[in-house]
Amino acid sequence: MGGVGMGMRSNKAINPAQPASYTACDSMTFMFDLAGSFLYTNYGDSYGQSNKLNGNLEYMTMQFPLWRQHIAFSAGITPYSAVGYSFSILDSIHSGYQHTKTYSGEGGFTQVYGGLSFNICDWFALGANVYYMFGDMNKTRSLNFSDASLHAVNQYDQLKISSLRLRYGAQLFHTFGKHKLTLGGVFENKQAFTRMSYHQIESTTSDTVSVMSGGFEMPMIYGAGLSYGYDNRLTIGVDYLCQDWLNTTYYGEHTGLLARHSWALGVEYRNDPMSRRFADRVLWRAGVNYSTSYTSAYNQPELRVSVGVGLPLRTVGTVINTTVEYGRRGFADNVLNENYLRLVINASIAEHWFFKRKL
């Protein structure tokens, strides 16, 4: 649904982007979500094009009530960012020497979260997530000359992080007959992260190695969303989210990045959730998301469009969700552009655990 989540509140899905939504779960239900994806990407610029195919585990999450519908808990593991590239550029300097620049990178950051949600009253909920972020990124840059008398230079960089961060959420919700409105917001304060950085420059004549420990800042994040539901059949949601990279620092120096703004719109529809016909209970989804870039060098925005279907199993509270998403990052002709097609398959399991069986 385009990534909407701030104003979404459902007892059929786990929504870790909005910690206040956990108390929407049924008071007798344990929920578990597992998703994997396949990604086909095309990279292109004025020099040529390249294609890449890979697959990943998207996330694992769970959710269950702690005290009726007043307090609920959720936990899981989700990816935060990933790096994966390798390319070379053949060039020459003014004196005519040919050289090849090679760039490669791999790794990423993962986050494990635990969150609590509280229903303050029948129409207001608060929640908070605690994230533990960890991982490393490795980057390599090489310069090789065609003339053997010139020395090659290799540069290696490794970044490791292991830190905590917090997200707070709030939702206002009310039902008017068959109509339901939910207004939500999230906030993360600017967070200083501890990191360890390894830097090495290697040449034929000498090596330079430096290890730095210090910190950098994750941006302040805030966003809001609104959703409308009709008769448990139609849901429409809109979101806005801002990541304020503009005011972050890297070892005490301003990063020079920009604030990243995202807008999302999503729709879900099913004909009749109580029908005995399978086709009437199928969920149809569509969404669109537009985000500005946080880099000032090229300022390339990103556009994503997705369609999906949810297939409910009749005998158990499980829905198999399939989503196809097309995205494009970069629209200028003179820089690197990225087009991708992603297939996500998700199993959302809901089982009645918390009730006394009659003998």
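Coordinates for the structure precede this section.
Residues numbered from 1 in each chain as written. Predicted model: local features only at pLDDT ≥ 70, side-chain atom pairs only at ≥ 80, totals over all residues. Heavy atoms only, no water.

Here we come to the packing of aromatic side chains. Under the counting rule described, the total for this entry stands at 8 aromatic pairs. With 5.9 Å between their ring centres and 20° between their planes, Phe 30 and Phe 64 make a pair best called stacked. With Phe 30 in strand 1 (residues 29-45) and Phe 64 in strand 2 (residues 48-67), this pair connects stretches of sequence that are 34 residues apart. Of the two residues, Phe 30 and Phe 64, both sit in the buried class. Seen in terms of ring centroids, Trp 123 and Phe 124 are 6.1 Å apart; in terms of plane orientation they differ by 40°. Their pairing is tilted. Among the aromatic side chains, those forming a connected cluster through ring pairs are Phe 30, Phe 64 and Phe 73. Its end group placed over the ring of Phe 173, Arg 9 keeps NZ or CZ at 4.0 Å from the ring centre. (Phe/Tyr/Trp six-rings, centres within 6.5 Å; stacked < 30°, edge-to-face > 60°. Helix = DSSP H or I, 4+ residues; strand = E, 2+ residues; numbered from the N terminus. Buried < 20%, exposed > 50% of the residue type's maximum accessible area, 1.4 Å probe, protein only. Lys NZ or Arg CZ within 6 Å of the ring centre and 35° of its normal.)

Within this structure, the stated rule accounts for 12 salt bridges. Put simply, Arg 165 and Glu 188 hold a salt bridge, and the shortest N to O gap is 2.9 Å. Pair noted here: Arg 165 is in strand 6 (residues 153-176) and Glu 188 is in strand 7 (residues 179-188), with a separation of 23 residues, a long-range link. Just as Arg 165 is buried, Glu 188 falls in that class too. Among the ionic pairs, Arg 329 bridges to Glu 338, the shortest N-O distance being 2.5 Å. Judged by relative accessible area, Arg 329 falls into the partly exposed class, the value being 31%. (Salt bridge = Lys/Arg side-chain N within 4 Å of Asp/Glu carboxyl O.)

Before going further, it helps to spend a moment on unusual backbone geometry. Residue Arg 68 is not a glycine yet carries a positive backbone phi of 50°. With respect to the helices and strands, Arg 68 occurs in the loop between strand 2 and strand 3 (71-92). A positive phi angle, near 60°, is found at Asn 232, a position not held by glycine. Examined against the element boundaries, Asn 232 turns out to sit in the loop between strand 10 (220-230) and strand 11 (234-244). Since its relative accessible area comes to 54%, Asn 232 is described here as exposed.

With respect to the helices, strands and loops of the structure, Asp 157 is situated in strand 6. Between the alpha carbons of Asp 157 and Gln 200 there is a distance of 6.6 Å; along the sequence they are 43 residues apart. A polar atom in the side chain of Asp 157 sits 3.0 Å from the side chain of Gln 155. (Polar contact = N/O pair within 3.5 Å; in protein donor to acceptor, adjacent residues only side chain to side chain.)

Here we come to the pairing of strand 17 (residues 317-329). In this sheet, strand 17 lies alongside strand 16 (residues 302-312) in antiparallel orientation, the contact comprising 11 bridges. The residue of strand 17 that forms the bridge with Leu 311 is Ile 320. By the bridge criterion, 13 bridges tie strand 17 to strand 18 (residues 337-352) in an arrangement that is antiparallel. Across the sheet, Gly 327 pairs through a bridge with Tyr 340, a residue of strand 18. (Pairing = 2+ DSSP bridges.)

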